[in-house]
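A look at the structure
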Amino acid sequence: MTARKKPKVYLTRKLPDAVETRMRELFDAELNIDDSPRTREQLAEALKTAEVLVPTVTDRIDAGLIEAAGPQLKLIASFSNGVDHIDVDAAAKRGITVTNTPNVLTEDTADMTMVLIFAVLRRLIEGSKVLTDDPSSWAGWSPTWMLGRRIGGRRIGIVGMGRIGTAVARRAKAFGLSIHYHNRKRVNPATEEELEATYWDSLDQMLARVDIVSVNCPSTPATFHLLSARRLALMQPSSIIVNTARGDIIDEDALIQLLRDGKIAGAGLDVFTNEPLVNPKLLKLAHEGKAVLLPHMGSATMEGRIDMGDKVIINIRTYFDGHRPPNRVLPGRL
């Protein structure tokens with residue numbers, strides 16, 4: 001019996017060794033050994049021959065690229081939870097299936113959300129820099145030096161009570177925070193009861209009443225600048241905002257101005273509007289201790305990345321076995 005030809009798979013970035021090794025065993029996989037971001041021209045060239053594209057959130061797979069792809073391209077198996085970097089409608093029109101890797105990064109991202117909350121309220125980065133930048137400037141413990149704010153007893157307002165938002169709420173409740181949330185619809189009563197959560201149909205009203213705002217909703221056209229200048233201005237001067245979702249959900253320029261003016265007490269950001277570029281004004285605020293900035297590390301655990309790779313492999317194998325991939329993304333369901 002003739003062995004079935006392995007599908008030609010193109011990986012846009014370097015993945016964990018265990019994932020790449022398995023992909024080479026199963027597929028005719030072209031790896032990105034040096035992990036250099038692929039240019040639009042390189043992607044266009046790859047799509048002339050690849051049957052499967054494995055992009056990440058840093059790759060913009062727009063309608064132009066998809067329309068110019070060769071007829072052999074059958075599957076875009078994204079190494080990501082979100083698919084806002086892919087024109088899913090354009091892919092559907094070409095008969096190209098799109099998949100993602102959901103339900104993998106929930107716990108890791110929720111952990112990082114809590115890390116940012118602690119880092120902002122307890123001034124962790126500022127304290128660390130005292131020792132790493134100029135240890136001689138530290139004269140020792142003092143009752144009034146480097147004072148932060150207590151975590152317990154505060155109200156957290158979660159914007160987007162999906163899997164990640166719910167995981168954040170469970171962690172926050174364990175640290176003594178009162179749970180408030182805004183979502184397109186209420187979570188089920190059992191979850192609300194477990195978390196003792198207060199639902200706000202009006203995002204505006206919730207923002208004005210909480211001490212911590214955690215952004216955990218997906219990036220879609222409907223959530224672009226959901227936290228607009230008007231809404232950010234509703235927050236209390238003593239409140240902070242944390243974003244581990246997507247940068248474009250917050251009006252970054254408005255946030256910068258409010259932080260500069262002291263109308264918001266602080267921000268913890270793991271995502272930015274123009275990644276990998278970071279607004280120099282945000283960097284200045286970070287140096288001044290008004291913001292904590294991380295380079296999109298929310299999902300960065302070895303376990304999480306391997307789990308994502310496993311899902312990509314399952315989606316590819318299922319498709320080429322003639323079945324519907326388990327993580328298929330349909331147009332209009334982002």
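Looking at an unreviewed UniProt entry, one finds the chain named Glyoxylate reductase and attributed to Rhizobium rhizoryzae. In its Sequence similarities (unreviewed entry) section, the UniProt entry covering the chain states "Belongs to the D-isomer specific 2-hydroxyacid dehydrogenase family."

**A word on the sheet that holds strand 4 (residues 75-77)**
Pairing within the open sheet is parallel, and its 5 strands lie in the order 2-1-3-4-5. In this open sheet, the two strands that pair with only one neighbour each are strand 2 (28-30) and strand 5 (97-99). On average, each strand axis in the sheet is inclined to that of its neighbour by 15°, with strand direction left out of account. Of the pairings in the sheet, the one linking strand 1 (residues 8-11) to strand 2 comprises 3 bridges and is parallel in character. Opposite K8, over in strand 2, you have D28 as the bridge partner. Contacts between helix 13 (residues 302-320) and the sheet are confined to strand 1, strand 3 (52-54), strand 4 and strand 5, with strand 4 contributing the most and set at about 160° to the helix.

**Regarding the sheet that holds strand 11 (residues 266-269)**
The strand order across the open sheet formed by 7 strands is 8-7-6-9-10-11-12, and the pairing between neighbours is parallel. At either end of the open sheet lies a strand with only one pairing partner, and these are strand 8 (198-199) and strand 12 (291-293). As paired strands, strand 10 (residues 240-243) and strand 11 are joined by 4 bridges and run parallel to one another. Pairing of I241 across the sheet is with A267, part of strand 11.

**A look at the packing of helix 5 (residues 106-121) against helix 7 (residues 163-174)**
For the pair helix 5 and helix 7, the least separation of the axes is 8 Å and the interaxial angle reads 50°. Taken together, the axes of helix 5 and helix 7 lie oblique to each other. Judged by the twist between their axes, the crossing of helix 5 over helix 7 is right-handed. Here helix 5 contributes T106, E107, T109, A110, D111, T113 and M114 to the contact with helix 7, which in turn contributes R163, I164, A167, V168, R171 and A172. Residues of the contact of helix 5 with helix 7, tallied by class, amount to 6 nonpolar, 3 polar and 4 charged.

**Some points on the layout of surface pockets**
Here the second largest pocket is characterised by a volume of approximately 530 Å³. For the lining of the second largest pocket, the elements supplying multiple residues, two or more each, are helix 5, helix 6 (124-133), strand 11, helix 12 (280-287) and strand 12. No other element matches helix 6, which puts 4 residues into the lining of the second largest pocket.

**Describing the side chain of H180**
Residue placement: H180 occurs in strand 7 (residues 178-182). Within polar-contact distance, the side chain of H180 engages the side chain of S178 at 3.5 Å. For H180, the contacting residues outside a window of four places in its chain are R155, I156, G157, I158, T198, W200, M206 and V210.

**What about the packing of aromatic side chains?**
Counted by the stated rule, this structure contains 3 aromatic pairs. Taking the centre distance of 4.9 Å and the plane angle of 70° together, the rings of F118 and F175 count as edge-to-face. Placement of F118 in helix 5 and of F175 in the loop between helix 7 and strand 7 is noted, with a sequence separation of 57 residues between them. Judged by its relative accessible area of 23%, F118 falls in the partly exposed class. We classify F175 as partly exposed; its relative accessible area is 43%. An angle of 50° between the planes, with centres 5.1 Å apart, marks the rings of Y181 and Y199 as tilted. With a gap of 18 residues between them, Y181 in strand 7 and Y199 in strand 8 connect regions that are remote in the sequence. The burial state of Y181 is the same as that of Y199; both residues are buried.

**Overview of the domain arrangement of the chain**
Domains assigned within the chain are domain 1 (6-99 + 300-327) and domain 2 (104-135 + 146-291). Spacing between the C-alpha centres of domain 1 and domain 2 amounts to 31 Å. On the side of domain 2, 6 residues touch domain 1, which itself brings 10 residues to the contact. Summed over both sides, the interface of domain 1 with domain 2 buries roughly 640 Å², with 58% coming from carbon and sulfur. Summed over the shared surface of domain 1 and domain 2, the number is 1 salt bridge. Ionic pairing is found between D84 and R246, a salt bridge with its closest N-O pair at 3.7 Å. Between domain 1 and domain 2 we count 1 residue pair in polar contact (both at pLDDT 80 or more) in total.

**Regarding unusual backbone geometry**
For the bond from E275 to P276, the omega torsion is 5°, close enough to zero to count as cis. Along the chain, P276 falls in the loop between strand 11 and helix 12. Despite not being glycine, R123 shows a phi value in the positive range, around 55°. With respect to the element layout, R123 can be found in the loop between helix 5 and helix 6.

Calculation rules
Here the residue index of a chain counts from 1 through its sequence in written order. Side-chain atom pairs in this predicted model are given and counted only at pLDDT of 80 or more, local residue features only at pLDDT of at least 70, and totals for whole chains, interfaces and linings cover all residues. Hydrogens and water are ignored here; the side-chain numbers use all heavy atoms of the structure. UniProt positions are given in the numbering used here, feature names are shortened, and annotations may be inferred rather than shown by experiment. Should DSSP find at least two bridges between two strands, the strands are regarded as paired. Secondary structure elements are taken from DSSP: a helix is a run of H or I of four residues or more, a strand is a run of E of two residues or more, and numbering for both begins at the N terminus. Every angle, taken between N-to-C directions, lies between 0 and 180 degrees, and every axis is a line fitted to C-alpha atoms, over only the stretch in contact when it is a helix. A contact between two residues is defined here by any heavy atoms of the two lying within 4.5 Å. In this scheme, roughly parallel covers angles under 35 degrees and roughly antiparallel covers those over 145, while 65 to 115 is roughly perpendicular and the rest are oblique. By convention the crossing between two helices is left-handed if the near helix lies anticlockwise of the far one by an angle smaller than a right angle, and right-handed if it lies clockwise. When residues are grouped by polarity, Ala, Val, Leu, Ile, Met, Phe, Trp, Tyr, Cys and Pro land in nonpolar, Asp, Glu, Lys and Arg in charged, and all others, Gly among them, in polar. For each structure, a 1 Å grid was placed over the protein atoms alone; sets of points admitting a 1.4 Å probe that cannot get out are labelled cavities, open sets with protein on both sides within 12 Å along at least five of seven lines are labelled pockets, and lining residues have an atom within 4 Å of a point. Grid points are joined across faces, edges and corners, and a volume is the space filled by probe spheres set on the points. Two N or O atoms form a polar contact when they lie within 3.5 Å of each other; inside protein one atom must be a possible hydrogen donor and the other a possible acceptor, and for residues adjacent in sequence the pair counts only when both atoms belong to side chains. Aromatic pairing here means that ring centres of Phe, Tyr or Trp (its six-membered ring) are within 6.5 Å. Orientation follows from the plane angle: under 30 degrees is stacked, over 60 is edge-to-face, and everything else is tilted. Buried, partly exposed and exposed residues are distinguished by accessible area as a fraction of the type maximum, computed with a 1.4 Å probe on protein chains only: under 20%, between the cut-offs, and over 50%, respectively. Note: domain ranges come from an automatic or database domain assignment. By definition, the buried area sums, over both parts, the 1.4 Å-probe accessible area that each loses when the two are put together. Definition used for salt bridges: Asp or Glu carboxyl oxygen within 4 Å of a side-chain nitrogen of Lys or Arg.

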